[in-house]
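What follows is each chain in one-letter form.
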Amino acid sequence: MGKASDAPALSVGQVAERSGLSVSAIHFYESKGLIRSWRTAGNQRRYRRDVLRRLAVIRVANRTGLPLASIAAALAELPDERTPNMADWKHLSSHWSAELDARIARLTQLRDELTGCIGCGCLSLKKCPLRNAGDRLGDSGSGPRLLDADAL
């Protein structure tokens, strides 16, 4: 993402003020490759105006629980030479639909089964229908196991 010649560049303070993020958050997102800046002759960071839209998408995606790696991969598909348009954003969001659906399904299952699990007090890894249905982990030996259903 280079300097836009027709629009004034924004300082990190201006980006922070307009995006509602802290300067440190902006620097963090930049260090992770989610946004880019360039340096002036005085070594000050400058950002293109479309960084505000990218930061808004990052915030929304982050609030849904998407990992930064997924966000970075999707943002890498957006054009650098122009501000992304509606079609670009639609393409980006389509990548996240399946991931969000899977998260929703896991959270719904956890919500539906959590009360019984906490309330039963069995503390049995062999009997727990939520964490170890059918003693799937028993064949793996003793010790702690992953709780993510996808990893079992």
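Only a predicted model underlies this, so the values are computations on that prediction, with no experimental measurement involved. Starting from 1, residues in each chain are numbered consecutively following that chain's sequence as written. Local features in a predicted model are, by the rule used here, given only for residues with pLDDT of at least 70; side-chain atom pairs are given and counted only at 80 or more, and totals for whole chains, interfaces and linings are based on all residues. Only hydrogens and water are removed before side-chain values are computed, so all heavy atoms of the structure are retained for them.

**Topic: the sheet that holds strand E3 (residues 45-47)**
Right, on to step 1. By this definition, two strands are paired if DSSP reports at least two bridges between them. Helix and strand assignments follow DSSP, with helices taken as H or I runs no shorter than four residues and strands as E runs no shorter than two, numbered in order from the N terminus. Within the open sheet, the three strands sit side by side as E1-E3-E2. Their pairing is antiparallel. Each edge of the sheet is formed by a strand with only one pairing partner; in this case those strands are strand E1 (10-11) and strand E2 (38-39).

**Some remarks on helix H3 (residues 51-63)**
Right, on to step 1. Multiplying 1.5 Å by the residue count of a helix minus one yields the expected span of that helix. The end-to-end C-alpha distance of H3, which contains 13 residues, comes to 18 Å, matching closely the 18 Å that a straight helix rising 1.5 Å per residue would cover.
Right, on to step 2. Summary of the burial criterion: residues with accessible area below 20% of their type's maximum are buried, those above 50% are exposed, and those between are partly exposed, where the area comes from a 1.4 Å probe applied to protein chains only. Among all positions of H3, only Val51, Leu52, Arg54, Leu55, Val57, Ile58 and Ala61 are buried.
Right, on to step 3. One or two steps after H3, the chain reaches glycine 65, where phi turns positive at roughly 95°.

**A word on the pattern of salt bridges**
Right, on to step 1. Any Lys or Arg side-chain nitrogen located within 4 Å of an Asp or Glu carboxyl oxygen qualifies as a salt bridge. Counting across every chain of the model gives three salt bridges.
Right, on to step 2. One salt bridge connects glutamate 30 with arginine 45, and the closest N-O pair in it is separated by 3.1 Å. Separated by 15 residues along the polypeptide, glutamate 30 in helix H2 (residues 23-31) and arginine 45 in strand E3 bring together distant segments of the chain.
Right, on to step 3. Here glutamate 30 falls in the buried class, since its relative accessible area comes to 18%.
Right, on to step 4. For arginine 54, the salt bridge identified is with aspartate 50, shortest N-O distance 3.6 Å.
Right, on to step 5. Looking at aspartate 50, the relative accessible area reads 4%, which means it is buried.
Right, on to step 6. Each of Arg48, Asp50 and Arg54 takes part in salt bridges that share partners, so that together they form one network.

Purely spatial values, then, with no claim about function.
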